[in-house]
Amino acid sequence: NIGIKRRLRRFFRRNGRALIFAMDHGFEHGPTDFEENWEHIKPGIIIRKVVRAGVDGVMMLPGIARIAGEELIGKDVGLMVKLTSKTGLRPKEEWLMQDQLGFVEDAIKLGADAVAATVYWGSPYEGAMMRQFAEIASYAHDLGYPVVQFAYPRGPYINEKYGKKEDYRVVMYGARAAAEMGADMIKTYWTGSRETFAKVVDAASGVPVLLSGGAKTDNPVDFLKLVWEVIEAGGSGAVVGRNIFQRENPEPMIKALLRVIHRNEDPEEAAKA
Ligand code: FBP
């Protein structure tokens, strides 16, 4: 489907890599995530800053895409609208489920170039999220829109058998499952080493794999080093939230990430530039 291919390319540069800014945290973690830099609670302000700094795409939930969408008009930036989430207010037993909060048609009306949905592989609710992803993907694909899977392994059996959700055997399992379901782009965890992340990339069989940023590192270079390893492992880039919007001035971090992702620049050098 040519529509899927064309829209997917809006996120990637010619080298097949992308830096995508993630901002669904106000829902998924709550507004406290913005307290490190409260001005960024205003979607228009942070989106304007990240677009100016040169990110390749942004990922938001539908309501924020409606509020901040103006900032993307006339800009060469892909818009990914995520259609599932959960709040941190629900009972803890239910944290292993993400529910659908919006519809493909509405994302398209907001100007989305892709839609996204999470599957927590290994969750007791895995089946419900698979079904949800399948429905979103079937509909979006029919209309020529790519679907991104946040393929996050997490659940009791994973903890019991592998000890942690970042074990490469479960991360590559989730990436493979996402590819087998027909995802057009996969976002997942860092596995701790270049060698193991390369296996995740292989398991995804050509579907681009992007890093899910994670909590803000105290030292920016630590995060840049991690992203550099992802690129060296054959990863296609990173989807980054807190490491951007929790910084006082996000621009230097974005510029450095772009140098690492698109030019394979040494992280220490990129941080200085
Ligand atoms: P970060 O770069 O801030 O980790 O953002 C990526 C992301 O997947 C967000 O889209 C999401 O809100 C958050 O991480 C979820 O993190 P977790 O599931 O670990 O609480």
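See the structure printed just above.
In what follows, the accompanying structure is described. Computed from a predicted model, the values in this text were never measured in an experiment.

With respect to helix α8 (residues 168-181)
Taking 1.5 Å of rise per residue, 14 residues should cover 20 Å, and α8 covers 20 Å from first to last C-alpha, within 8% of that figure. Of the residues making up α8, those classed as buried are Val170, Val171, Gly174, Ala175, Ala177 and Ala178. Buried residues of α8 fall within an arc of 160° about the axis and therefore sit on the same side. The exposed set on the far side of α8, more than 90 degrees from its buried face, consists of Tyr173 and Glu180. Close packing links the buried residues of α8 with β6 (114-121), β7 (147-153), α7 (156-162), β8 (185-188) and α9 (194-203). The N-capping residue of α8, defined by a side-chain oxygen 2.8 Å from the backbone nitrogen of Arg169, is Asp167.

A look at the site of the ligand
In the vicinity of the ligand there are 15 residues, among which Asp24, His29, Tyr152, Lys187 and Gly214 approach most closely. Lys187 is positioned such that a nitrogen or oxygen atom in its side chain is 2.4 Å from an oxygen atom of the ligand. Contact between the ligand and Arg242: an oxygen atom at 2.7 Å from a side-chain N or O atom of the residue. Protein contacts shield 88% of the accessible area of the ligand, which totals 470 Å² for the unbound molecule. Counting residues per element, the ones that place at least two in the shell around the ligand are α2 (25-28) and β10 (237-240). Considered class by class, the residues forming the shell around the ligand number four nonpolar, six polar and five charged.

As for the environment of Gly30
Position of Gly30 among the secondary structure elements: in the loop between α2 and α3 (43-53). Note: C-alpha distance between Gly30 and Ala68 (38 residues apart in sequence) is 18 Å.

Section: the environment of Arg66
Mapping Arg66 onto the fold places it in helix α4 (residues 62-68). By relative accessible area, Arg66 is classed as exposed at 67%. Considering only alpha carbons, one finds Arg66 and Ala107, 41 residues apart in sequence, at a separation of 9.4 Å.

Some words on the pairing of strand β2 (residues 57-60)
On β2, burial covers both faces: Gly57 and Met59 on one face and Val58 and Met60 on the other are all buried. Sheet analysis places strand β1 (residues 18-23) next to β2, joined by four bridges and oriented parallel. Of the residues in β2, the one forming a bridge with Phe21 is Val58. Taken together, the four bridges between β2 and strand β3 (residues 78-82) define a ladder with parallel strand orientation. Opposite Met59, over in β3, you have Met80 as the bridge partner. Between the parallel pair β2 and β3, the chain is carried across by α4, and the sense of this crossover is right-handed.

Side note on the pattern of salt bridges
As enumerated under the stated definition, the model contains 19 salt bridges in all. Here Asp24 ties to Lys82 by a salt bridge, and the two come within 3.5 Å at their closest N and O atoms. Of this pair, Asp24 sits in the loop between β1 and α2 while Lys82 is found in strand β3, placing the two residues 58 residues apart along the sequence. This pair shows no difference in class: Asp24 is buried, exactly as Lys82 is. What emerges from the salt-bridge pattern is a single network uniting Asp24, Glu28 and Lys82.

Looking at the packing of helix α10 (residues 220-232) against helix α12 (residues 250-263)
Packing of α10 against α12 brings their axes to within 9 Å, and their N-to-C directions diverge by 25°. Our classification of the angle between α10 and α12 gives roughly parallel. Relative to α12, the crossing made by α10 is right-handed. The residues of α12 that touch α10, namely those facing Pro220, Phe223, Leu224, Val227, Trp228 and Ile231, are Met253, Ala256, Leu257, Val260 and Ile261.

Reading the values: the criteria
- Residues numbered from 1 in each chain as written.
- Predicted model: local features only at pLDDT ≥ 70, side-chain atom pairs only at ≥ 80, totals over all residues.
- Heavy atoms only, no water.
- Helix = DSSP H or I, 4+ residues; strand = E, 2+ residues; numbered from the N terminus.
- Expected span 1.5 Å × (residues − 1).
- Buried < 20%, exposed > 50% of the residue type's maximum accessible area, 1.4 Å probe, protein only.
- Arc of directions from axis to C-beta.
- Contact = heavy atoms within 4.5 Å.
- Polar contact = N/O pair within 3.5 Å; in protein donor to acceptor, adjacent residues only side chain to side chain.
- Near = heavy atom within 4 Å.
- Areas by Shrake-Rupley, 256 points an atom, 1.4 Å probe, with all protein chains shown as cover.
- Nonpolar A, V, L, I, M, F, W, Y, C, P; charged D, E, K, R; others polar.
- Pairing = 2+ DSSP bridges.
- Right-handed = clockwise from strand over helix to strand, strands pointing away.
- Salt bridge = Lys/Arg side-chain N within 4 Å of Asp/Glu carboxyl O.
- Axes fitted to C-alpha atoms, helices over the stretch in contact; angles between N-to-C directions.
- Parallel < 35°, antiparallel > 145°, perpendicular 65-115°, else oblique.
- Left-handed = near helix turned anticlockwise from the far one by under 90°.

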